[in-house]
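Structural description and commentary
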Amino acid sequence: MLKNIILGIKEYAGAFELISKLKLWRYFIIPILISVLTAIFIGIEAYVLSDNVGGFIAKIWVWDWGKETFASISNFVGGIVVLVIGLILYKHIIMALSAPFMSPVSEKIEKYYYGDLKHLHRKTTNSEQLIRGIRINLRNLGKELLITIPILLLKFIPIVNIFSTILLFVVQAYYAGFGNMDYTLERHLSYKESVDFVSKNKGFAIGNGIVFMLFLFIPIVGIIVVLPLSVTASSRKTLKLLHNKHEIVYEK
């Protein structure tokens, strides 16, 4: 899997150049706007809620001894909880709402590398792409939260909390890569087939998602370039996987 993760990361090389060459920037205007507005909204909510979450966690400790220490830990963990859940929500919101704009990007990249294959594609409208994007991301959101909440509880355990941070990052990366890959998969595979496909290619999804998540830690610039570069990189890698594994049935 490590080799595939690295390959997924390497796919970002040349992504910016490809976007410019195929004149894809215009497709990213609305998704970038969605990304910025969503980031601002979640950032404000996170700032407001972080102390409240920390205070709520602190109430679990009913004893007087060690109360201040536990309160300090609770405030820290509360901040982490809000940050993690905020990133999860941000990621799935922008991916779901951007689906109708990202699918044409992936299609143009496929045409550039493999020729016009529209006759082989599943016929989907913008509304169907949006509905599928919402469906995929709601499914991933639920699964990601179920995995994330137990990992967050490990934050209370010294030393173990270091590894839990790494695990949290990998989980977030996987579902980010999943969403990026589906922009290509939606016109080739059914919902269930797409889920199975990504499950079989976890390494590539994680590799793409790692860079996606790292972009989010770059102030302002990160939320602007994260979708254009990650979707372009993911499209190239997913198309290679589809064509090399003969998931696409060509007509003679």
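Please read these numbers as outputs of a predicted model, since none were measured by experiment.

**So, the packing of aromatic side chains**
- If you walk through the whole model with that rule in mind, you get 7 aromatic pairs.
- With centroids separated by 4.9 Å and ring planes inclined at 70°, the aromatic side chains of Tyr-174 and Tyr-175 adopt a geometry described as edge-to-face. By the burial criterion, Tyr-174 is buried, and Tyr-175 matches it.
- Pairing Tyr-174 with Phe-178 gives two aromatic rings, centres 6.1 Å apart and planes at 85°, and the pair type is edge-to-face. With Tyr-174 and Phe-178 both in helix H6 (residues 160-185) and 4 residues apart, the pair spans about one turn of that helix.
- Exposure remark for Phe-178: the relative accessible area of 1% places this residue in the buried category.
- Taken together, the ring pairs connect Phe-16, Trp-25 and Phe-28 into an aromatic cluster.
- Across the ring face of Tyr-191, the terminal group of Arg-135 is positioned such that the distance to the ring centre comes to 3.6 Å.

**Observations concerning helix H8 (residues 202-215)**
- If you check H8, its first and last C-alpha atoms are 20 Å apart, about what 14 residues at 1.5 Å a residue would give, namely 20 Å.
- Most of H8 sits out of view: 12 of its 14 residues are buried.
- Buried within H8 are the following residues: Gly-203, Phe-204, Ala-205, Ile-206, Gly-207, Asn-208, Gly-209, Ile-210, Val-211, Phe-212, Met-213 and Phe-215.

What counts and how
- Residues numbered from 1 in each chain as written.
- Predicted model: local features only at pLDDT ≥ 70, side-chain atom pairs only at ≥ 80, totals over all residues.
- Heavy atoms only, no water.
- Phe/Tyr/Trp six-rings, centres within 6.5 Å; stacked < 30°, edge-to-face > 60°.
- Buried < 20%, exposed > 50% of the residue type's maximum accessible area, 1.4 Å probe, protein only.
- Helix = DSSP H or I, 4+ residues; strand = E, 2+ residues; numbered from the N terminus.
- Lys NZ or Arg CZ within 6 Å of the ring centre and 35° of its normal.
- Expected span 1.5 Å × (residues − 1).

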